[in-house]
Amino acid sequence: MKTENEILETRIVTARCLRVDPQSIDSYLGMGGYSALQKALGLKTADLIDEIRLSGLKGRGGAGFPCHTKLDAVRMAEADTKYMVCNADEGEPGNFKDKYLLENDPHQLLEGMIIEAYIAGCTTGYIYIRGEYDAARTLIKRAIVQARERGYLGKNISGSNFCFDIQVKTGAGSYICGEEFALIESIEGKAGRPRNKPPYPTLSGINNMPTVIGNVETISNIPFIINNGHAAYSSIGTASSSGTRLVSLSGNIRRPGVYEVPFGTSIREIVEILGQGVPEDRDIQMVQLGGASGPCIPPDMMDLKLDYAEFADAELSMGSCAVIVIDNRYPVLDAVRLITRFFKHESCGKCTPCREGIRQML
């Protein structure tokens, strides 16, 4: 008989987590690893784009931008060099889902990156990883070496004409480097500050060349979609939001952790069933969604479902899907003051509304 957790959770990107040995490529191969890459290398890139488009996969980093649009823009760009970047900075307080994937199934991320690079025609890849993620960084570096030794990275991948390799870049604790252009500036060895846009990274990213940037969770969905097809993926979730979401659940909660749920799951189900509610049955003061920069909702809005259309109708942003529960021991203004102090500290100082405005708000 399934538990309440198993009824709610649908495992796609976490299917192998806690089952596969993250230090062993043989363990990953034994569970079907790199089969999606082998399949992709035998298909036309236009067909792969269509498969991702029909799956409805959207970016899981916060913006919810259609994944296929970025890939197709870089694929169609005329340039001698193209780049693939995985944003694993995850500096938003309250988020730790990408850390979970990096530490438990690093080869899944690599396989997704290699497939995306093949589609877009990229030859060089970067994983920009948060400086505090020591264990994750060690595991992903080991996985890269193993993939290279087995012919999944480097020249003529798996006997094809496709050549692609990955480097790891480490952040230095800057919150702002989670923004895509600040991340690019950091990779180039400059101070991590945003650029004006347009142009966007798909046209002018690293070294002013076309660049695909994706989130760890987003990229980790690619192998499932290629192996199982768009119909299997889009059958999960809702009409406007296909697949699953990783939820970083924390705060005043009995069972904090990372949970993978289908779109359409309500905030209340996540808090009360997966998280088993607030200790000592205290009343909930508010729930913050998406991390420290996300919106706060009162308890009477907890029936809101994880669905892009429903969030848009409520004029809310889902962000990277952190759920932070705050009980009635903490006044709302104290929580907001703490968050504002964080942003004052993390401001890069480039733009006046942030540099001066946050100071005045605090």
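Everything below is about the structure shown above.
Residues numbered from 1 in each chain as written. Predicted model: local features only at pLDDT ≥ 70, side-chain atom pairs only at ≥ 80, totals over all residues. Heavy atoms only, no water.

**A few points about the layout of surface pockets**
Gaps left between atoms show up when a probe the size of a water molecule is rolled over them. Space inside the largest pocket adds up to approximately 1,200 Å³. In this structure, the largest pocket is lined by 46 residues; those nearest its centre are G61, G62, A63, N87 and G178. Elements with a minimum of two residues in the lining of the largest pocket: α5 (67-76), α6 (97-104), β4 (211-215) and α10 (216-220). Class assignment of the residues belonging to the lining of the largest pocket gives a composition of 16 nonpolar, 20 polar and 10 charged. Considered as a void within the structure, the second largest pocket measures approximately 270 Å³ in volume. (1 Å grid on protein atoms, 1.4 Å probe; cavity = no way out; pocket = protein on both sides within 12 Å on 5 of 7 lines; lining within 4 Å. Points joined across faces, edges and corners; volume = space filled by probe spheres on them. Helix = DSSP H or I, 4+ residues; strand = E, 2+ residues; numbered from the N terminus. Nonpolar A, V, L, I, M, F, W, Y, C, P; charged D, E, K, R; others polar.)

**Some points on the state of the cysteines**
Counted according to the given criterion, the structure contains 0 disulfides. In this model C163 remains outside any disulfide bridge; the closest cysteine sulfur is found in C122, 13 Å from its own. Cysteine C351 remains unbridged, with the sulfur of C348 as its closest cysteine sulfur at 6.2 Å. (Disulfide = S-S within 2.5 Å.)

**Side note on the side chain of K97**
Looking at the secondary structure, you find K97 in helix α6. Residue contacts for K97: discarding those within four places in its chain leaves R60, E90, N215, E217, R245, L246, S248, V258 and S320. (Contact = heavy atoms within 4.5 Å.)

**Focus: the pattern of salt bridges**
Enumeration according to the criterion identifies 27 salt bridges in this entry. A salt bridge links R11 to E9; the nearest nitrogen and oxygen atoms lie 3.4 Å apart. Note that R130 and E132 form a salt bridge whose closest N and O atoms lie 3.0 Å from each other. (Salt bridge = Lys/Arg side-chain N within 4 Å of Asp/Glu carboxyl O.)

**Some details on the pairing of strand β6 (residues 257-262)**
With respect to burial, β6 is a largely interior element, 6 of its 6 residues being buried. In this structure, strand β5 (residues 244-251) lies alongside β6, joined through 6 bridges in antiparallel fashion. Paired with L249 across the two strands is G257, which belongs to β6. If you look at the hairpin formed by β5 and β6, you'll find 5 residues sitting between the two strands. (Buried < 20%, exposed > 50% of the residue type's maximum accessible area, 1.4 Å probe, protein only. Pairing = 2+ DSSP bridges.)

**Observations concerning the nonpolar core**
One finds Y34, L102, L109, L110, I114, I127 and F164 to be the most contacted residues of the largest nonpolar core, which totals 58 residues. Considering each element in turn, this core owes the most residues, 9 residues, to helix α7 (residues 106-120). Leave out the neighbours within four places in its chain, and I114 touches Y34, L37, Y152, L153, I157, F162 and F164. By size, the runner-up hydrophobic cluster in this structure holds 26 residues, among which are V261, L274, L304 and M318. (Core = buried A, V, L, I, M, F, W, Y, C linked by side-chain atoms within 4.5 Å.)

**What to know about the packing of aromatic side chains**
For the structure shown, the criterion picks out 10 aromatic pairs. Put simply, the rings of Y28, Y34 and Y152 touch in pairs and so form one group of aromatic residues. (Phe/Tyr/Trp six-rings, centres within 6.5 Å; stacked < 30°, edge-to-face > 60°.)

**Things to note about the sheet that holds strand β1 (residues 83-88)**
Strand order in the open sheet made by the 4 strands is β3-β2-β1-β4, with parallel pairing throughout. Each edge of the sheet is formed by a strand with only one pairing partner; in this case those strands are β3 (165-170) and β4. The average undirected angle you get between the axes of adjacent strands in this sheet is 20°. Docked against the sheet, helix α9 (residues 180-187) engages β1, β2 (124-129), β3 and β4, running at close to 110° with respect to β2. (Axes fitted to C-alpha atoms, helices over the stretch in contact; angles between N-to-C directions.)

**As for helix α13 (residues 267-274)**
Residues of α13 that are buried: I267, I270, V271 and L274. For α13, the arc enclosing every buried residue in end-on projection is 115°, short of the 170-degree limit, so these residues lie on one face. Following α13 by one or two positions, Q276 adopts a phi angle in the positive range, close to 60°. (Arc of directions from axis to C-beta.)

**Observations regarding the sheet that holds β5**
Taking strand neighbours across the sheet as the criterion, the 5 strands line up as β6-β5-β9-β7-β8 in an open arrangement whose pairing is mixed. Two strands in the sheet have a free side with no partner beyond their single neighbour: β6 and β8 (296-297). One ladder, built from 5 bridges, connects strand β7 (residues 284-289) with strand β9 (residues 322-327); its direction is antiparallel. Residue pairing in the sheet places L289 in a bridge with V323 of β9. Relative to the sheet, α6 contacts β5 and β6, its axis offset from that of β5 by approximately 110°.

**Let's talk about the environment of F164**
Its place among the elements puts F164 in the loop between α8 (134-149) and β3. Sequence separation between F164 and A88 is 76 residues; the distance between their C-alpha atoms is 19 Å. With sequence-adjacent residues up to four places away left out, F164 is seen in contact with M84, M113, I114, A117, C122, T123, T124, G125, L153, G154 and I157.

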